[in-house]
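# Observations on chain architecture
Each chain is listed here by its residues.
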Amino acid sequence: MTMSQATAIPAHDVGSPGHAHDAPAHHPTVYDYDSGPPVDRAKFAIWLFLATEVMFFTGLIGTYLVLRIGTVSWPNPASRLAVGVTAGNTFLLITSSWTMVRALHAIQRGDQAGLVRWLGGTILGGASFVSVQVFEYLELIHHGSVPSIDIFWSTFYTMTGFHGLHVIVGVIWLIAVWISAVRGKFTAKNYLRVELAGLYWHFVDLVWVLLFTVVYLM
Amino acid sequence: MRDAAHTAPGGHASAHAMQAVSAGAVHLGLGAPGTVHEIHEHRELGFLRKYVFSTDHKVIGIQFMFTGLVFFLVGGLMAMAIRWQLAWPWTEMPVVGRILFPNTGRVISPEFYTMLFTMHGTIMIFFVIIPLLTGAFGNFLIPLMVGAPDMAFPKLNMIGYWAMIPAAFCALISFGLEGGGPAAGWTAYPPLSTIEKAAPGSLHAQTFWLLALTFVGASSMMGAVNYVTTIVKMRAPGLTMMRLPMTVWGLFIAALLQLFALPVLTAASIMQILDRVVHTGFFTPTNLLVNQLSPETAGAAAGGQPLLWQHLFWFYSHPAVYIMVVPAMGFASDILSTHARKPLFGYKPMVYSIMSIAGLGFIVWGHHMFMSGMNPALGMTFMVSTIMIALPSCVKVFNWLATLWGSRIHLTSAMLNALAFVAMFIIGGLSGIWMASTPVDIYIHDTYIVVAHFHYIVFAGSVFAIFGAIYHWFPKMFGRQMNETLGKIHFVGTFVFTNCVFYMMHQLGIAGLMRRTADPYAYDVYAHLQPLNQFISISAFCLFAWQIFFVVNLFHSIFWGKRAGRNPWRSCTLEWEAPSPPGHGNFDRRLAVHRGPYEYGTPEVQEDYLPQARSL
Amino acid sequence: MRFLLTLLLIATLVLGVWTFMDAHNHGWWLPPNVSSYGPHIDQLFYLILGMVGFFFVLTEGILIWCVFRYARKSETKADFTHGNHKLEMLWTAIPGALLLVITFTQMGTWAEIKYKGSFPNVAPIAEVWASQFDWRVRYPGDDGKFGTMDDIENPFEFVVPVNEPVLFHLRSRDVIHSFFVPYLRLKQDAMPGMVIPVWFQVTQEGSYDLVCAELCGWGHYKMAGRLRVVSRAAYEEWLKKAKLEMLSNGTEDKS
Ligand code: HEA
Ligand code: HEA
Ligand code: CUA
Ligand SMILES: [Cu+2]
């Protein structure tokens with residue numbers, strides 16, 4: 001969000017350091033050029049940001065795989081986790097990705113009401129995903145399966161926990177976008193912030209599909 | 001011609017901008033390269049917004065610079081304490097001894113020594129060199145050198161600086177906590193770093209240390225996103241990538257390195273934090289017995305792999321060492337070319353070599369782990385890639401030398417430091433070849449050769465480049481020039497003492513002296529090395545003291561220095577088109593770039609330089 | 001300034017080379033070498049020293065000349081050139097070739113020392129345990145197995161026979177340590193959770209400092225051990241005595 005606003009006003013409140021003795025005239029003009037690929041700055045930056053996220057999860061998942069391969073008797077996930085429930089949860093998250101796509105389509109057609117509706121759906125999807133996961137955690141902890149039991153739980157909580165945090169951030173972000181949507185801030189010509197939030201959301205879902213496969217199914 | 005610029009494509013462009021502002025987003029239509037929109041600003045800013053919570057890249061850059069320098073002082077003081085202990089182990093430090101170590105018999109305790117070099121290394125790398133290179137000069141120079149009014153995301157930029165504050169806080173508090181500071185080295189190898197019992201001194205300190213790293217990471221990350229976006233998306237018309245000054249290239253590559261390497265360290269340090277706080281077992285192998293106590297019976301998970309941390313850590317920290325030199329190479333290239341009044345020799349090879357250094361930098365991390373029990377076949381492959389990485393550096397060195405050949409050198413303070421960078425980088429780099437060869441590394445790993453190696457590059461190299469950069473860009477920063485005489489005095493002493501300190505460390509290393517020892521003379525093999533260490537220490541104290549000339553010069557020049565015009569060095573690059581110091585939005589005229597950044601001594605005009613933005 | 005800087009750089013170059021020439025007179029140099037593969041390491045060391053030494057002199061020399069020659073006051077412009085393809089080729093190819101050479105010349109030595117394939121096929125003579133902050137050597141006893149009742153625990157001192165390949169298992173009880181014997185040019189980290197086989201062959205009787213080369217806590221600096229190299233006969237003798245002691249004062253501390 002900070003990003004998109006910042007781009008919107010490229011030279012916003014630029015203070016000048018020190019005593020600018022041969023500084024320009026009182027009503028200075030700000031020359032702000034635009035070069036490079038014809039992509040909006042904010043979008044470009046989001047892609048960079050997602051690249052760092054990819055590396056972050058590469059670190060986590062890589063660790064998981066190394067430890068798992070290095071451990072002689074890794075417990076079968078199915079024996080410790082409610083795979084069925086999580087499978088449903090996964091489906092929920094994927095659907096929320098789909099609703100996000102619909103939301104974008106809606107505003108691209110200038111359909112503000114549709115945007116609000118589909119965004120709301122996405123937020124609901126994400127929120128319920130988180131709550132299901134919290135519920136799962138509570139269950140597990142209730143049965144004494146805390147991270148310090150063994151390496152399986154250590155990795156499990158770290159992987160899913162960090163993804164969970166990302167989902168929460170995503171939901172908050174979407175809510176912010178949703179509020180502007182309700183205020184009718186977006187038009188068929190201007191929906192960048194919807195797009196940005198969408199990119200992030202799709203990424204989060206993608207990561208989950210990966211995590212679900214390696215942590216629950218493999 | 002300036003007026004012409006003002007009455008340029010006024011109307012529609014600014015209309016664009018207004019629409020952008022109101023719309024809350026610049027939409028794709030503006031993507032066409034080289035468009036400009038002028039934004040007329042009339043708001044006045046209060047002191048706080050202007051100098052403290054400023055979003056101006058120039059102010060943020062200067063904030064970074066002073067933060068870095070203050071930390072440089074702190075890290076330097078720690079180095080002095082290290083040197084005292086190594087020269088005169090277990091003897092009371094004059095004056096400060098009784099104040100600092102009242103309850104350890106007024107001498108440095110062995111445990112405190114480990115904390116000293118741990119924090120020395122951490123502060124110098126994460127709070128001095130990287131912030132000074134990318135934070136200070138990255139912020140100040142990038143927009144100016146690409147002709148942009150500011151960073152792409154000024155607010156994010158400001159947050160990036162303020163993320164350094166909690167980092168610094170964590171780092172320092174970890175040193176103040178009871179029991180002392182983190183004591184696992186700047187590399188924080190587990191299990192020493194993860195099991196409290198292993199290093200009783202650093203109870204919470206190690207955790208805070210890890211938090212500090214995480215915050216620094218966040219800060220660098222925001223910076224990196226900003227830099228890359230600014231360089232790619234906000235270049236002045238005509239300024240193609242292949243017309244960028246090497247400084248911008250260096251900072252650009254360094255930013256990319258951070259983007260792709262840092263997140264891995266962040267992930268790793270978070271896992272280590274979890275190991276310490278909630279007792280997960282990522283880096284704790286099974287059935288340890290630390291101080292007669294096994295972590296498992298103490299209720300911690302086990303079954304992890306200590307080696308894993310080393311892989312993750314070095315996957316970041318090797319690229320990190322190039323983050324510490326690539327921008328410095330950029331500064332050196334610009335300063336050399338400018339003050340030698342001769343075009344940089346082989347611009348394209350210079351760019352490609354930086355790229356390949358960065359690329360190879362991602363596949364050599366294992367050279368820190370040759371002795372770690374990692375599969376020796378893997379060690380062999382890392383050996384090959386590591387030796388190959390010498391090649392691009394080789395290209396750079398010879399290109400610098402060729403730049404000087406047949407040039408017209410002006411020995412300004414900036415130039416002196418840039419020349420020293422080249423001389424010192426060669427020494428530091430060459431010792432790298434030794435360590436890259438695995439069989440030799442069997443002997444010299446964790447000896448003082450390593451210490452000599454990286455101090456030659458990081459102190460004798462990067463720090464000289466930083467000094468040079470300060471002398472060179474000071475006029476742009478403060479509109480005044482630094483005192484040349486003081487600058488030269490500072491240079492000579494620093495150069496002499498630096499070599500006295502670090503060159504003899506090679507000899508220590510060859511004699512087999514290993515690093516991180518509070519008292520080497522406990523061993524017969526090393527007993528005879530004490531005189532050498534005393535010589536090194538005395539030189540180090542002189543080196544430290546000599547910096548007073550720099551400090552005095554810096555502060556004196558800020559207030560009373562001789563006023564500088566726009567372009568005191570008759571330099572070609574864009575930052576010199578702006579007023580000194582640049583005002584609001586940096587440039588007061590419309591820029592159009594017509595050529596590369598190093599047209600010195602060109603026959604086209606009768607002065608000996610032809611700026612990028614001057615049309616013929 | 002021009003003369004001063006030239007002087008400084010020359011001093012760096014000359015003193016730099018000189019210290020390396022002269023260091024051995026002050027004992028600031030490689031300690032004597034008593035292992036079978038030590039010489040190979042030292043040869044590589046000198047090979048690389050020669051090569052980087054050459055480039056050190058070459059590059060610093062050029063730098064010095066440039067400063068001396070081109071820092072003069074002058075009214076004319078500098079030579080105007082943006083580069084030269086042939087030269088670039090030259091100083092990429094030659095160092096590249098040299099680097100390839102050293103790359104390949106050293107592979108053999110590395111394999112000889114660290115590859116399992118090239119280990120001598122002898123039974124491991126002992127387990128060397130590192131822990132904060134001491135070394136413990138555990139000999140297998142008659143049954144040739146570790147971790148059994150008849151093991152012989154020997155603190156501090158690692159006794160081995162001279163002139164024959166010795167294989168041992170390096171282990172750590174707590175944190176990372178490193179088994180470093182400068183006289184043998186031998187170093188290997190002891191990684192907790194790993195059993196790392198290491199081999200060496202000493203060519204000279206005597207007792208040599210065994211130092212810990214990896215930071216392992218506040219006592220790292222004083223984690224000393226000793227490697228005592230004796231004749232085969234003396235070794236057998238010592239082993240017998242050690243066994244008797246074990247039996248007499250019971251077999252304590254096992255882990
Ligand atoms: C800015 C920092 C920086 C830079 C640029 C480098 C550059 C290099 N480093 Fe260094 N290194 C460190 C910082 C740096 N290093 C640090 C901090 C450590 C220690 C970490 C710790 O353990 O605490 C370390 C440790 C380290 C090790 C591990 C040693 C050990 O622990 O056992 C190795 C091993 O291979 C290594 C190798 C190299 C090589 C081959 C280069 C090459 O890039 C150098 C290339 C340059 C040249 C070769 C010179 C110029 C070229 C010529 C003059 C042309 C002619 C030369 C030839 C043909 C050879 N470094
Ligand atoms: C990265 C940068 C960096 C820098 C610049 C330095 C600078 C110095 N270092 Fe250090 N050092 C490291 C990084 C660095 N070091 C690292 C990573 C380690 C390994 C740690 C570990 O093993 O875990 C290490 C370890 C290390 C050791 C080995 C300790 C051991 O293994 O037992 C020693 C021993 O001599 C040492 C000495 C010095 C000395 C004498 C300096 C001197 O050059 C310092 C001189 C200081 C100054 C010149 C500062 C003066 C101040 C200013 C100029 C600022 C002015 C202030 C204002 C304007 C406000 N360092
Ligand atoms: Cu054991 Cu250092
Ligand atoms: Cu490295």
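None of these values were measured; they are calculated from a predicted model.

Cut-off values and rules
- Residues numbered from 1 in each chain as written.
- Chains lettered and ligands numbered in written order.
- Predicted model: local features only at pLDDT ≥ 70, side-chain atom pairs only at ≥ 80, totals over all residues.
- Heavy atoms only, no water.
- Near = heavy atom within 4 Å.
- Polar contact = N/O pair within 3.5 Å; in protein donor to acceptor, adjacent residues only side chain to side chain.
- Helix = DSSP H or I, 4+ residues; strand = E, 2+ residues; numbered from the N terminus.
- Donors = N, O, S within 2.8 Å, 3.2 Å for Na, K, Ca; no water.
- Buried < 20%, exposed > 50% of the residue type's maximum accessible area, 1.4 Å probe, protein only.
- Contact = heavy atoms within 4.5 Å.
- Buried area = accessible area lost by both parts, 1.4 Å probe.
- Salt bridge = Lys/Arg side-chain N within 4 Å of Asp/Glu carboxyl O.
- Pairing = 2+ DSSP bridges.
- Axes fitted to C-alpha atoms, helices over the stretch in contact; angles between N-to-C directions.
- Nonpolar A, V, L, I, M, F, W, Y, C, P; charged D, E, K, R; others polar.
- 1 Å grid on protein atoms, 1.4 Å probe; cavity = no way out; pocket = protein on both sides within 12 Å on 5 of 7 lines; lining within 4 Å.
- Points joined across faces, edges and corners; volume = space filled by probe spheres on them.
- pLDDT = per-residue confidence, 0-100.
- Patch = residues over 30% accessible without salt bridge, like charges linked within 9 Å, V, L, I, M, F, W, Y side chains within 5 Å.
- Areas by Shrake-Rupley, 256 points an atom, 1.4 Å probe, with all protein chains shown as cover.
- Expected span 1.5 Å × (residues − 1).
- Bend = angle between axes of the 7 residues up to and from the residue.

Next up on the list: the site of ligand 2. Residue and element names in this part refer to chain B. Looking at ligand 2, there are 33 residues lining it, with R83, Y113, H120, H455 and R516 nearest. A distance of 2.7 Å is found between an oxygen atom of ligand 2 and a side-chain nitrogen or oxygen belonging to R83. H120 is positioned with one of its side-chain polar atoms (N or O) 2.8 Å from a nitrogen atom of ligand 2. At eight residues, the largest contribution of residues to the shell around ligand 2 is made by helix α4 (residues 57-87).

It is worth spelling out the coordination of the iron atom of ligand 1 at this point. Residue and element names in this part refer to chain B. Just one protein ligand coordinates the iron atom of ligand 1, and it is H453 (NE2) at 2.2 Å. The metal-metal distance between the iron atom of ligand 1 and the copper ion (ligand 4) comes to 4.4 Å. With respect to the element layout, H453 can be found in helix α18 (residues 448-478).

This brings us to unusual backbone geometry. A cis amide bond links P190(B) to the next residue, P191(B), at an omega of 0 degrees. The amide bond that connects Q132(C) to the next residue, F133(C), takes the cis arrangement and shows omega of -10 degrees. Relative to the helices and strands, F133(C) resides in the loop between β1 (126-131) and β2 (134-139). Positive phi values are uncommon outside glycine, yet N586(B) reaches one of about 70 degrees. Note on placement: N586(B) falls in the segment after β3 (562-563). Residue F156(C) is not a glycine yet carries a positive backbone phi of 70 degrees. Structurally, F156(C) can be placed in the loop between β3 (152-155) and β4 (157-161). The exposure class of F156(C) is partly exposed, given its relative accessible area of 39%.

Quick look at the interface of chain C and chain B now. In this assembly, 97 residues from chain C lie in contact with 114 residues from chain B. Roughly 8,900 Å² is buried in total at the junction of chain C and chain B, and carbon and sulfur atoms are behind 73% of that figure. Here chain C and chain B share two salt bridges between them. Inspection of the region where chain C meets chain B yields 28 residue pairs in polar contact (both at pLDDT 80 or more).

All names here are of chain C. As summarised here, the arrangement of the five strands in space is β4-β10-β9-β6-β7, forming an open sheet in which the pairing is mixed. In the strand order of this sheet, the two ends are held by β4 and β7 (186-190), each with one partner. Averaged over all pairs of adjacent strands, the angle between strand axes in this sheet comes to 25 degrees, irrespective of strand direction. Note: β4 against strand β10 (residues 225-230), five bridges, orientation parallel. The residue of β10 that forms the bridge with F158 is L227. Lying over the sheet, helix α4 (residues 232-248) contacts β4 and β10, oriented at roughly 135 degrees with respect to β4.

With that settled, the discussion passes to the pattern of salt bridges. Inspection of the entire model under this criterion finds 25 salt bridges over all chains. The partner of E195(A) in a salt bridge is K43(A), with the nearest N and O atoms 2.6 Å apart. Of the two residues, E195(A) sits in helix α7 (residues 192-217) while K43(A) sits in helix α2 (residues 41-70), which places them 152 residues apart along the sequence. Pair check on accessibility: E195(A) and K43(A) agree, each one buried. Between R570(B) and D608(B) there is a salt bridge; the shortest N-O distance is 3.2 Å. With R570(B) in the segment after β3 and D608(B) in the segment after β3, this residue pair connects regions lying 38 residues apart in the sequence. Exposure remark for D608(B): the relative accessible area of 15% places this residue in the buried category. What emerges from the salt-bridge pattern is a single network uniting E127(C), R138(C), D151(C), E153(C) and R171(C).

In the vicinity of ligand 1 there are 34 residues, among which Y322(B), D441(B), H445(B), H453(B) and R515(B) approach most closely. Nearby residues place ligand 1 at the junction of chains B and C. Contact between ligand 1 and M435(B): an oxygen atom at 3.5 Å from a main-chain N or O atom of the residue. Backbone polar atom of A436(B) to an oxygen atom of ligand 1: 3.3 Å apart, as the coordinates give it. Of all the secondary-structure elements, those providing two or more residues to the shell around ligand 1 are α11 (306-323), α15 (390-404), α16 (413-436) and α18 of chain B together with α2 (38-70) of chain C. Looking at which element gives the most residues to the shell around ligand 1, the answer is α16(B), with eight residues. Partitioned by chemical class, the residues of the shell around ligand 1 number 23 nonpolar, nine polar and two charged.

What follows concerns empty space enclosed by the protein. Residues and elements named next belong to chain B. Considering all chains together, one arrives at 10 cavities of 30 Å³ or more under this definition. Space inside the largest cavity adds up to approximately 160 Å³. Residue lining of the largest cavity: 22 residues in total, with F64, T134, G135, S219 and S220 positioned closest to the centre. Listing elements by their share of the lining of the largest cavity, those giving two or more residues are α6 (110-146), α7 (154-162), α9 (205-233) and α10 (246-277). Counting residues per element, the lining of the largest cavity draws most heavily on α9, which supplies seven residues. The residue makeup of the lining of the largest cavity, split by class, is 13 nonpolar, nine polar and no charged.

Averaged over every residue, the pLDDT of chain A is 86; residues scoring 70 or more account for 87%. Residue range residues 1-25 of chain A is modelled with pLDDT below 50. Its contacts to residues more than four positions away, or to other chains, number 85 contacts.

Bound to the copper ion (ligand 4) are the protein donor atoms H318(B) (ND1), H367(B) (NE2) and H368(B) (NE2), situated 1.9 to 2.1 Å from the metal. Within one chain, the residues donating to the copper ion (ligand 4) are spaced in sequence as H-x48-H-H.

So, on to a nonpolar patch on the surface. Together, I548(B), V551(B), V552(B), F555(B), F559(B) and W560(B) make up a nonpolar patch on the protein surface, roughly 620 Å² of accessible area in all. By the element assignment, F555(B) lies in helix α22 (residues 548-560).

If you rank the two pairs of chains in contact by how many contacts each has, first place goes to chains B and C. Regarding chain A and chain C, which are not in contact, the minimum distance between any of their C-alpha atoms is 12 Å.

All names here are of chain B. Helix length check: α11, at 18 residues, gives a terminal C-alpha distance of 26 Å against a target of 26 Å (1.5 Å per residue), a fit within 8%. The principal kink in α11, of about 30 degrees, is found at W314. Most of α11 sits inside the fold, with 16 of its 18 residues counted as buried.

All names here are of chain B. Looking at chain B as a whole, its pLDDT mean stands at 88, while 91% of the residues score no less than 70. Overall, residues 1-33 carries pLDDT values under 50, and its contacts beyond four positions in sequence, including any with other chains, amount to 52 contacts. Scored as a complex, the prediction yields pTM 0.92 and ipTM 0.92.

With that settled, the discussion passes to the environment of P306(B). Along the chain, P306(B) falls in helix α11. Leaving out residues up to four positions away in the same chain, P306(B) has contacts with P190(B), P191(B), F283(B), P285(B), M191(C) and P192(C).

On to the pairing of β4(C). A large share of β4(C) lies buried, amounting to five of its five residues. Neither face of β4(C) is left uncovered, since the one carrying E157(C), V159(C) and P161(C) and the one carrying F158(C) and V160(C) both have all their residues buried.

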